[in-house]
Amino acid sequence: MTGTAPRHTDVEGVDGGVGLTALLVAAARAIETHRDDSLARDGYAEHFVRAAPACADWPVRIDQVPDGDGNPLWGRFARYFGLRTRVLDDFLLRSVRTGPRQVVLLGAGLDTRAFRLDWPSGRTVFELDRAGVLEFKHRVLTDLAATPKAKRVAVPADLRTDWVTALTGAGFDPAAPSVWLAEGLLFYLPGPVETYLIDTVDRLTTSGSALAFEAKLEKDLLAYRDSPIYTATRERIGIDLLDLFDAGPRPDSAGVLTAKGWSTSMHTPFDFTRRHGRGPLPEPNDALEGNRWVFAHKPRP
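Along each chain, residue indices are assigned from 1 in the same order as the chain's sequence is written. Thresholds applied to this predicted model are a pLDDT of at least 70 for local features of residues and 80 or more for the giving and counting of side-chain atom pairs; totals over whole chains, interfaces and linings are not thresholded and use all residues. Hydrogens are left out, water is left out, and the side-chain values use all remaining heavy atoms of the structure.

Caption draft 1: Main features of the packing of helix H1 (residues 17-33) against helix H3 (residues 72-96). What counts as an axis is a line fitted to C-alpha atoms, over the stretch in contact for a helix, and the angles between N-to-C directions run from 0 to 180 degrees. Helix numbers and strand numbers start at the N terminus; a helix is a DSSP run of H or I with at least 4 residues, a strand a run of E with at least 2. At a closest axis distance of 8 Å, the pairing of H1 and H3 adopts a crossing angle of 85 degrees. Taken together, the axes of H1 and H3 lie roughly perpendicular to each other. Packed against H1, whose contacting residues are Leu24, Val25, Ala27, Ala28, Arg29, Ile31 and Glu32, the element H3 presents Leu73, Trp74, Phe77, Ala78, Arg79, Phe81, Gly82, Arg84 and Thr85 at the interface. Residues belonging to the contact of H1 with H3 are distributed by class as follows: ten nonpolar, two polar and four charged. For classification, angles of less than 35 degrees are called roughly parallel, those exceeding 145 degrees roughly antiparallel, those between 65 and 115 degrees roughly perpendicular, and all remaining angles oblique. Every residue pair with non-hydrogen atoms within 4.5 Å of one another is taken to be in contact. Amino acids are sorted into nonpolar (Ala, Val, Leu, Ile, Met, Phe, Trp, Tyr, Cys and Pro), charged (Asp, Glu, Lys and Arg) and polar (every other residue, Gly among them).

Caption draft 2: How the structure looks around the packing of aromatic side chains. Each Phe, Tyr or Trp ring (for Trp, its six-membered ring) is paired with any other whose centre lies within 6.5 Å, and the angle between the two planes then decides the class: stacked below 30 degrees, edge-to-face above 60, tilted in between. Applying the stated criterion to the full structure yields 17 aromatic pairs. Summarising the aromatic geometry, the rings of tyrosine 230 and phenylalanine 245 are spaced 6.2 Å apart at their centres and angled 70 degrees between planes, so their arrangement reads as edge-to-face. Here phenylalanine 245 lies in the loop between helix H9 (241-244) and helix H10 (253-259) and tyrosine 230 lies in helix H8 (residues 228-237), a separation of 15 residues in the sequence. Each member of the pair tyrosine 230 and phenylalanine 245 is classed as buried. Chaining the aromatic ring pairs together yields one cluster made of Phe77, Tyr80, Phe81, Phe91, Phe272, Trp293 and Phe295. Note that lysine 216 overlies the ring of phenylalanine 187, its terminal NZ or CZ placed 6.0 Å from the centroid. A 1.4 Å probe rolled over the protein chains alone gives each residue an accessible area, and that area as a share of the maximum for its type sets the label: buried under 20%, exposed over 50%, partly exposed in between. Remark: a charge is flagged as sitting over a ring if the NZ atom of Lys or the CZ atom of Arg is within 6 Å of the ring centre and within 35 degrees of the ring normal.

Caption draft 3: Fine view of the nonpolar core. In this structure, Leu23, Leu24, Phe48, Trp58, Trp74, Phe77 and Trp119 are the most contacted members of the largest nonpolar core, which totals 72 residues. Here this core takes 13 residues from H3, the largest share from any one element. Residues within four places of leucine 24 in sequence aside, it is in contact with Trp58, Leu73, Trp74, Phe77, Phe81, Thr233, Ile237 and Ile239. Definition used in this section: a nonpolar core is a set of buried Ala, Val, Leu, Ile, Met, Phe, Trp, Tyr and Cys residues joined via side-chain atoms within 4.5 Å. In terms of nonpolar packing, the next biggest core, distinct from the first, is built from 30 residues, Val153, Ala157, Val164 and Ile198 among them.

Read these as geometric descriptors, not functional statements.
Spelled out as structure tokens, the structure:
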């Protein structure tokens, strides 16, 4: 599988490629954190932004953005990431309260949920990502003397290779219920790699487990190349998301899980904007139109 990954995703740390998008999300979380009506708070996020030379001049508060919420990148897109953070926070905490003690963050990036969420006692959070990303995160959090609120296990692994051995070797128990999250990950992977990942999660989980992931339904990603979000991200901070997304056909991972006996539900981000009263709503030429958040549960007998 190692030969299927696009060349432009292969930067090891956070200085380019997909790693740089982790800093984009961190900046968005920092902006969300400082809002009076914040949906999610991440006090570590701005420290990641300030520690990376590639984004030292990015804003971490909305009042640092000249056009404020009218800015398609730091306004609307950042609001999207804030909403996504809150929705997936809620999913994880709700899921572990039903019993699972293991949480697996696939492509964890600069996720700090192990540090900022109020986990029930006895939970372990496994963070899988490439070594360069985890090393950068470790360095920043160590400088802050950050203390996790659950047992945290960093697992250096490339999701395009044999990450299962790394995960089980780090202490993950496939025989016990678990909760999995693939946030902002799958559309960077070639379709066969996504299929392998979903099949592997199914194989490594027992009844009572849960999974959430983000998908994109567009048949033609380039149809939105000139959308305000993609254009602003490309022109203002030099990240061409459409060049990073895998352009091949996407598998129906939600359908695959349903066929395997999972119960699944699929939502648009706008469903949660309406629920929380904050976040993006549909607009013309909308790069968020095809985004879906999928929640799946493996039923108990």
